[in-house]
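Geometric and topological summary
Letter by letter, the chains look like this.
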Amino acid sequence: MAEILTLRDAVAGLVHSGDTVAMEGFTHLIPFAAAHEMIRQRVSDLTLVRMTPDVIYDQLIGMGAARKLVFSWGGNPGVGSLHRFRDAVENGWPRPLELDEHSHAGMANRYVAGASRLPFAVLRGYRGSDLPSRSATISTVVCPFTGEELAAVAAINPDVTVIHAQRADRDGNVQLWGLVGVQKEAALAASRVLVTVEEIVDDLAPAPGAVVLPSWTVDAVAVVPNGAHPSYAAGYTVRDNGFYQAWDAVSRDRDAFLRWMDENVLEAAR
Amino acid sequence: MSWTSDELMTVNAARALAGARTCFVGIGLPSAAANLARRTTEPGLVLIYESGTLGSKPSRLPLSIGDGELADTADAVVSVPEIFNYWLQAGRIDVGFLGAAQVDRFANVNTTVVDRGPGRPEGRLPGAGGAPEIAASCGKVLLVLRHSTRNLVERLDFVTTVGHGDGPGSRARLGLPGAGPVAVITDLGIMRPDPETAELTLTEVHPGTTPEQAVAATGWPLAVAPGLRVTEPPTEAELTALRRLAQGAPDA
């Protein structure tokens with residue numbers, strides 16, 4: 001059953017240095033507040049998994065928290081590059097970053113396999129692409145029924161998956177809606193699950209298209225209003241597109257980035 | 001009205017969607033073109049975004065593929081595994097519309113890394129995203145990018161997404177179900193694969209552009225199709241709709 005904890009206690013209890021951590025949310029519901037708490041607690045040597053690293057992993061990578069990144073599209077959506085990600089890959093700053101790189105379809109299916117507790121997933125993908133030449137988690141398998149050769153991708157089973165959701169009830173049942181991305185699969189694939197929510201309510205009224213993660217699939221729930229900012233929680237907040245545009249200039253320069261993190265993430269807890 | 005070369009590119013990219021019923025929309029230039037098509041040539045066009053939205057009808061141009069309005073205005077919102085498996089891989093989508101960093105003569109695409117020369121590390125691009133499977137499984141593919149020798153190259157530094165592979169028959173040999181790229185729309189004109197060789201050939205130039213300019217801005221010896229045509233100038237309605245989109249203004 002999920003415990004309702006402070007964000008500080010939830011991160012301290014569930015996220016450890018050296019872990020494989022998936023923090024999902026496809027543009028929507030990205031768990032920024034939890035990442036900032038991980039940075040404050042100096043969690044390090046992480047293998048970070050996320051389809052779209054986005055600004056959340058740009059920040060973790062720039063702060064040196066990651067040794068490896070598993071991903072499929074590493075840009076600032078609609079804006080340009082993720083400069084901290086690029087600096088780590090191209091120049092090894094602040095430390096080298098190992099990559100395991102996929103397509104979106106491959107990553108999504110890796111989570112499906114993980115949630116299903118299967119060793120791999122099958123898709124019609126990567127045909128003719130150079131991507132398999134750089135990844136140990138892409139191979140092929142022959143269909144025993146038709147003889148068709150298909151792509152096989154290794155399951156992802158994170159040590160811990162961290163997501164943000166709109167709300168939970170007092171028992172720790174979690175509800176999220178809108179763009180639900182790959183969060184259900186990422187949560188069910190993981191050994192431990194931490195969910196930050198906008199609010200805790202007495203009753204989870206049904207919402208159209210909502211995903212519910214029962215309390216017994218979640219380890220900890222922490223209430224963090226606006227905990228997805230600059231991403232958003234449909235029904236509560238809107239995406240702060242201005243922040244994503246402004247991040248380009250902040251993240252271009254190492255010192256400006258470190259200053260921003262110091263003022264807005266590290267200082268925030270002092 | 002006067003116009004810019006980028007406006008020529010987007011207007012012609014939107015026109016290329018005429019007749020399409022469903023479009024898997026990449027972010028950036030493809031999204032601008034697909035949204036313009038909905039406001040001009042193809043008002044019924046079903047926009048599908050990889051964030052899981054089917055039938056988005058945004059009133060403003062979204063910055064990302066996951067802006068809230070894409071979900072709020074959609075006919076249906078599904079998970080990311082579902083959009084790729086049940087909708088894209090199953091062959092339900094007519095047109096895939098993609099941007100690109102590098103494109104070669106067979107319309108193969110690189111969005112992963114660029115070679116920056118000896119002694120320098122590879123330049124990092126965002127990566128594949130949905131593109132390899134979008135280009136594989138949609139009925140056909142449109143590409144839109146700016147025309148330069150940097151973007152249109154003799155040899156890709158990395159093949160992220162297959163267009164026509166190494167030429168005729170390549171897609172069939174690889175088992176790629178869709179027809180692949182049918183047009184590459186740039187700010188100078190339009191290139192289409194030659195029916196015999198599958199090699200991109202200049203078939204149209206935009207008003208005010210010469211074929212020599214397009215050839216000079218291409219990294220391989222670009223063939224010019226016999227009967228090269230000039231694209232129709234943008235109409236006032238197209239330019240007005242595009243500028244309202246670019247300003248983030250709601251549909252008129």
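Residues numbered from 1 in each chain as written. Chains lettered and ligands numbered in written order. Predicted model: local features only at pLDDT ≥ 70, side-chain atom pairs only at ≥ 80, totals over all residues.

As recorded in an unreviewed UniProt entry, chain B goes by CoA-transferase subunit beta and comes from Herbidospora solisilvae. Looking at chain B in UniProt, the text filed under Sequence similarities (unreviewed entry) is "Belongs to the 3-oxoacid CoA-transferase subunit B family." (UniProt positions renumbered as here; feature names shortened; annotations may be inferred.)

You'll find chain A entered in an unreviewed UniProt entry as CoA transferase subunit A, with Herbidospora solisilvae given as the organism. Here chain A is described in UniProt, under the heading Sequence similarities (unreviewed entry), as follows: "Belongs to the 3-oxoacid CoA-transferase subunit B family."

What follows covers the overall build of chain B. What chain B contains, in helices and strands, is eight helices and 14 strands. Scaling as 2.2 N^0.38, a compact globule of 252 residues should have a C-alpha radius of gyration of about 18 Å, and chain B matches this with 18 Å. Once the C-alpha set of chain B is aligned to its principal axes, its extents read approximately 45 × 45 × 40 Å. Residues counted as buried form 56% of the 252 residues belonging to chain B. (Helix = DSSP H or I, 4+ residues; strand = E, 2+ residues; numbered from the N terminus. Rg over C-alpha atoms; globule rule 2.2 N^0.38 Å. Buried ≥ 20, exposed ≤ 12 C-beta atoms within 10 Å, placed from the backbone.)

Here we take up the pairing of strand S9 (residues 138-142) of chain A. All names here are of chain A. When S9 meets strand S10 (residues 149-154), the two strands line up antiparallel, connected through five bridges. Note on S10: the bridge partner recorded for Val142 is Glu149. Linking two consecutive strands that pair antiparallel, namely S9 and S10, is a turn of six residues; a positive phi of about 80° is found at Gly147 within it. (Pairing = 2+ DSSP bridges.)

What follows deals with the sheet that holds strand S2 (residues 46-49) of chain B. Residue and element names in this part refer to chain B. Sheet architecture is open: ten strands sit in the order S4-S3-S2-S1-S5-S10-S11-S12-S13-S14, paired in mixed fashion. Edge positions in the sheet fall to strand S4 (76-77) and strand S14 (223-230), since each of these pairs with one other strand and no more. Examined bridge by bridge, strand S1 (residues 22-25) and strand S5 (residues 95-98) share three bridges and lie parallel to one another. Across the sheet, Phe24 pairs through a bridge with Gly96, a residue of S5.

The next point concerns helix H3 (residues 54-62) of chain A. Residue and element names in this part refer to chain A. The buried fraction of H3 is high, at nine of nine residues. Inspection of H3 places Asp54, Val55, Ile56, Tyr57, Asp58, Gln59, Leu60, Ile61 and Gly62 among the buried residues, and these make up the whole buried set. Immediately beyond the C-terminal end of H3, within one or two residues, lies Gly64, with a positive phi of roughly 80°.

Here we come to the nonpolar core. By size, the foremost hydrophobic cluster in this structure holds 167 residues, and its most contacted members are Leu60(A), Val195(A), Cys23(B), Ala33(B), Leu142(B) and Leu143(B). Among the elements that line this core, the one with the most residues is helix H5 (residues 104-116) of chain A, at seven residues. Here this core spans two domains, and each of domain 1 (3-102 + 157-269) and domain 2 (116-154) of chain A adds at least three residues to it. Excluding anything up to four places from it in sequence, Val195(A) contacts Ile163(A), Ala165(A), Ala168(A), Val174(A), Val218(A) and Val221(A). (Core = buried A, V, L, I, M, F, W, Y, C linked by C-beta atoms within 7 Å. Domains from an automatic or database assignment. Contact = placed C-beta atoms within 7 Å.)

Now for the environment of Asn151(B). Residues and elements named next belong to chain B. Topologically, Asn151 is positioned in the loop between strand S10 (140-144) and helix H6 (170-174). For Asn151, a count of 17 C-beta atoms within 10 Å corresponds to the partly exposed category. For the pair Asn151 and Asp166, spaced 15 residues apart in sequence, the C-alpha separation works out to 18 Å. With sequence-adjacent residues up to four places away left out, Asn151 is seen in contact with Ala101, Gln102, Val103, Leu145 and Arg146.

This next bit is on the domain arrangement of chain A. Segmenting chain A into domains produces domain 1 (3-102 + 157-269) and domain 2 (116-154). Distance from the C-alpha centre of domain 1 of chain A to the C-alpha centre of domain 2 of chain A: 28 Å.

Once that is clear, we can look at the pairing of S14(B). All names here are of chain B. Across the eight residues of S14, zero count as buried, placing the element largely on the outside. As judged from the four bridges shared by strand S13 (residues 200-205) and S14, these two strands associate in the parallel manner. Counted as the bridge partner of Thr201 is Ala223 from S14. As for the winding sense of the linkage, the β-α-β connection from S13 through helix H7 (residues 211-216) to S14 is right-handed. (Right-handed = clockwise from strand over helix to strand, strands pointing away.)

Let's shift gears to the interface of chain B and chain A. Of the residues lining the interface, 38 residues belong to chain B; the matching set on chain A comes to 44 residues. Per element, the largest residue contribution to the side of chain B that touches chain A is four residues, and it comes from helix H4 (residues 80-89) of chain B. Residue classes in the side of chain B that touches chain A are distributed as 18 nonpolar, 16 polar and four charged. (Nonpolar A, V, L, I, M, F, W, Y, C, P; charged D, E, K, R; others polar.)

Below, the discussion takes up helix H2 (residues 29-39) of chain B. Residue and element names in this part refer to chain B. With ten of its eleven residues buried, H2 lies for the most part within the structure. The complete set of buried residues in H2 reads Leu29, Pro30, Ser31, Ala32, Ala33, Ala34, Asn35, Leu36, Ala37 and Arg38. Its buried side turned inward, H2 meets helix H1 (5-15), S1, S2, S5, S10 and helix H8 (236-246).

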